[in-house]
Amino acid sequence: MSAVALLQTARKLMEQRQVAQSLDAYRTLTAQYPRYAEGWFHRSGTESGLGQALTAVASAKEAVALEPNNLLYRAHLAQMQVNYGLWGDAIGTLAPLRSIAPERVEARIANTIGSVFSLTGEHERAQPWFARAAAAAPGSATYRYNEAQGLLYCGETDAARERFHTLIGKFPHFAKALWSLSTFEGAAGGEARVRQLREALVNAGNPMDEVLCCYALFNTLDALDRRTEAFFELESGMRLQRARIRYDGQDLAQLARLPAAADALSAPDRADADAPVPIFIVGLPRSGTTLVERVVGNNDDVAQGGELFCFAAALHEHLGVQSPAGAMLSMAPAELLQDRAVDWPAVGRRYLELTAYRRGGRRFHTDKFPFNFLLLPWIAAALPQARIVHVRRDPLDTCFSNLKHLFARSYGASYAQDDMARYYRGYHGLMRGWHDRLRNRILDIRLETLVADPETTTRRMLEFCGLPPNPDAWRIERNTQPVSTASAVQVRQPINDRGIGAWRRYEAQLQPLARFFAAHPELT
């Protein structure tokens, strides 16, 4: 049978939703015709769909090696690398595109390239590609959304607002755009915006759109100070999302398993005095990690890395774990870590290789993926020169801020008050254990202290990180670097206390949380 015939057989099986059989057919195809790039390309996509992220990268590499000038194959490989967390590799894969004008590239490929740059934190490099995709396919709501969201990440708020309004004018029920707009426009639009969101909710085409509309309604009604209505919509959205992802509490079980896995670790090697120095900024989401990164990164010696998945990716790759590094339950594979010998210096070197594109030749870079707190003993073993800054915030403010934000990735505990409280307790206990284990490797920073006395707190952080004094580092409004977290708009403003005690606006509705923390004062 010819290569084309085998390819058609495999694709037909996929159309019939016989995914495993389709992958077997692609494996047969690539075994019989190993120089047929199209076979490797489709095999990679199928492997990715089945959760075999690591082998999907390998198959995509085969396609690019056979046809290095094929932009579709190259963009696909970069996407597979990003999905796994191999971000530096993805940037390297796209390096040959420097000589190609985005206007020469078809829309879907341009959008993929833009997405790779955006996901790796290279937002300014993403924008020409997103703009090309949106211009070439104006009927695509997704491409136009990506362009608007990218402008927001780059700090071009007015341009982003204009793009979102134009997009919603053409696609009035596009839930994702309505939600994004609600995260920074506040009360703008008033009652007309509320009616628009309720109409979009009624017309939602799938459960995720319903969730997005509920969260957008919460944001808008909250800004209008209609708190009872707002919290009703938030609870509706949380309930829908919790059911949609089928949350089962396995993330709490994972927290409990990690300390025993860390017992197998030996003392780390002595730090290389000349090695690059990552500064890990950890804590729960919405605890102030972005603010701390903006302060520490307000320094000529520091490159802001943003939320990098690269340590978990380096570890997964070393262990042969198939699942992407961004998946919460697989970020810290406790059972594998407990039973496997790991070359920790090799993992550290791989992490530094994957993040070199963000350092840009500087010695220091920040890595503010909050959930790196799960991996701190292993980070310390692989990177003895690393600094670790742990950001804490009042638990009620932290939990409420988590509950009211719709996270892009699985964070199942953030969709019910009881779940969130239990996760906070597990996180607090884990961090206490990591402190006992790592001693002076971790610096604790309270968000409230940073807000009240930014100069003193900033001085402590810079000294701990081995950075020169900078009396103005806390003036984050002078930091113009792009940022892609939930607080992308807020962190461009001067440090302020607006978020301190924010939970009290909904004190009556948050009594389950309040009672939990009143019964556990040790968590505060």
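Residues numbered from 1 in each chain as written. Predicted model: local features only at pLDDT ≥ 70, side-chain atom pairs only at ≥ 80, totals over all residues. Heavy atoms only, no water.

Trainee: Honestly, the packing of helix H9 (residues 141–153) against helix H11 (residues 175–185) in this entry has me stumped. Any pointers?
Mentor: Each pair of packed helices can be summarised by the angle the axes make with each other and by the distance between the axes. Two elements in contact, H9 and H11, have axes whose closest approach is 11 Å; the angle formed by their N-to-C orientations is 15°. Between H9 and H11, the angle is such that the two are roughly parallel. When you trace H9 past H11, the crossing you get is left-handed. Taken together, the residues of H11 that come into contact with H9 (itself represented by Tyr145, Gln149 and Leu152) are Lys176, Ala177, Ser180 and Phe184. Residue classes in the contact of H9 with H11 are distributed as 4 nonpolar, 2 polar and 1 charged. (Axes fitted to C-alpha atoms, helices over the stretch in contact; angles between N-to-C directions. Helix = DSSP H or I, 4+ residues; strand = E, 2+ residues; numbered from the N terminus. Parallel < 35°, antiparallel > 145°, perpendicular 65-115°, else oblique. Left-handed = near helix turned anticlockwise from the far one by under 90°. Contact = heavy atoms within 4.5 Å. Nonpolar A, V, L, I, M, F, W, Y, C, P; charged D, E, K, R; others polar.)

Trainee: In this structure, what is going on with the nonpolar core? I would like to understand it.
Mentor: Buried together is how nonpolar side chains tend to be arranged in soluble globular proteins. By size, the foremost hydrophobic cluster in this structure holds 133 residues, and its most contacted members are Phe311, Phe373 and Trp378. Counting residues per element, this core draws most heavily on helix H23 (residues 417–438), which supplies 9 residues. In this structure, Phe311 is in contact with Val347, Tyr351, Leu375, Trp378, Ile379, Ala382 and Leu383, ignoring residues within four places of it in sequence. Residues Val391, Ile445, Leu447 and Val451 belong to the second largest nonpolar core, which totals 24 residues. (Core = buried A, V, L, I, M, F, W, Y, C linked by side-chain atoms within 4.5 Å. Buried < 20%, exposed > 50% of the residue type's maximum accessible area, 1.4 Å probe, protein only.)

Trainee: What exactly am I supposed to notice about the pairing of strand E4 (residues 387–392) here?
Mentor: The two faces of a sheet get side chains in turn, since along a regular strand they alternate between them. With 5 of its 6 residues buried, E4 lies for the most part within the structure. Bridge count between strand E1 (residues 277–282) and E4: 4 bridges; the pairing is parallel. Within the sheet, the bridge partner assigned to Ile281 lies in E4 and is Val389. (Pairing = 2+ DSSP bridges.)

Trainee: Can you walk me through the sheet that holds strand E3 (residues 364–367) in this structure?
Mentor: As a general point, the strands of a sheet are linked pairwise by backbone hydrogen bonds and lie either parallel or antiparallel. The sheet built from 5 strands is open, its strands ordered E2-E3-E1-E4-E5 with parallel pairing. Sheet topology places strand E2 (302–303) and strand E5 (442–446) at the edges, where each strand pairs with a single neighbour. Sheet topology places E1 next to E3; 4 bridges connect them, and they run parallel. Looking at the pairing, Ile279 lines up with Thr366 of E3. Against the sheet, helix H20 (residues 344–359) contacts E1, E2 and E3, and its axis sits at roughly 105° relative to E3. Across the face of the sheet, helix H25 (residues 454–465) comes into contact with E1, E3, E4 and E5 while running at roughly 165° to E5.

Trainee: Whenever I open this one, the packing of helix H7 (residues 107–119) against H9 confuses me. Can you help?
Mentor: It is at 11 Å that the axes of H7 and H9 come closest, and there the two elements cross at 30°. Relative to H9, H7 is oriented roughly parallel. The way H7 lies across H9 gives a crossing that is left-handed. Taking contact as the criterion, the partners of Ala107, Arg108, Asn111, Ser115 and Ser118 in H7 are, on H9, Tyr143, Asn146 and Tyr153. Here the residues of the contact of H7 with H9 sort into 3 nonpolar, 4 polar and 1 charged.

Trainee: What should I look at first to understand the environment of His435 in this one?
Mentor: Mapped onto the elements, His435 comes out in helix H23. By relative accessible area, which is 23% here, His435 ends up partly exposed. A C-alpha to C-alpha distance of 26 Å links His435 and Arg363, two positions 72 residues apart in sequence.

Trainee: Would you explain the side chain of Arg193 in this entry?
Mentor: Structurally, the position occupied by Arg193 is in helix H12 (residues 190–202). Judged by relative accessible area, which is 9%, Arg193 ranks as buried. Excluding anything up to four places from it in sequence, Arg193 contacts His165, Leu181, Glu185, Ala188 and Thr220.

Trainee: When you look at helix H3 (residues 37–49) in this model, what are you seeing that I'm missing?
Mentor: Taking 1.5 Å of rise per residue, the 13 residues of H3 would be expected to cover 18 Å, and the 19 Å separating its terminal C-alpha atoms lies within 8% of that figure. Restricting attention to buried positions, one finds in H3 the residues Ala37, Gly39, Trp40, Phe41, His42, Arg43, Ser44, Thr46 and Glu47. Elements in contact with the buried residues of H3: helix H1 (3–15), helix H2 (19–32), helix H4 (53–66) and helix H5 (71–84). Positive phi appears at Gly51, one or two residues downstream of H3, with a value of about 85°. (Expected span 1.5 Å × (residues − 1).)

Trainee: Any chance you could explain the packing of aromatic side chains here in plain terms?
Mentor: One pass over the structure, following the stated rule, counts 21 aromatic pairs. An angle of 35° between the planes, with centres 6.0 Å apart, marks the rings of Phe371 and Phe373 as tilted. Across this residue pair, the class does not change: Phe371 and Phe373 are buried. Taking the centre distance of 5.3 Å and the plane angle of 85° together, the rings of Phe516 and Phe517 count as edge-to-face. (Phe/Tyr/Trp six-rings, centres within 6.5 Å; stacked < 30°, edge-to-face > 60°.)

Trainee: Is there a simple way to think about unusual backbone geometry in this case?
Mentor: Across residues other than glycine, the phi torsion is negative in most instances, and most of the peptide bonds are trans. Here the phi dihedral of Arg17 falls at roughly 65°; this positive angle occurs in a residue that is not glycine. Secondary-structure assignment places Arg17 in the loop between H1 and H2. If you check the backbone angles, Arg246 has positive phi at about 55° while not being a glycine. Its location among the elements puts Arg246 in the loop between helix H14 (227–245) and helix H15 (250–262). On the accessibility criterion, Arg246 (72% relative accessible area) is exposed.

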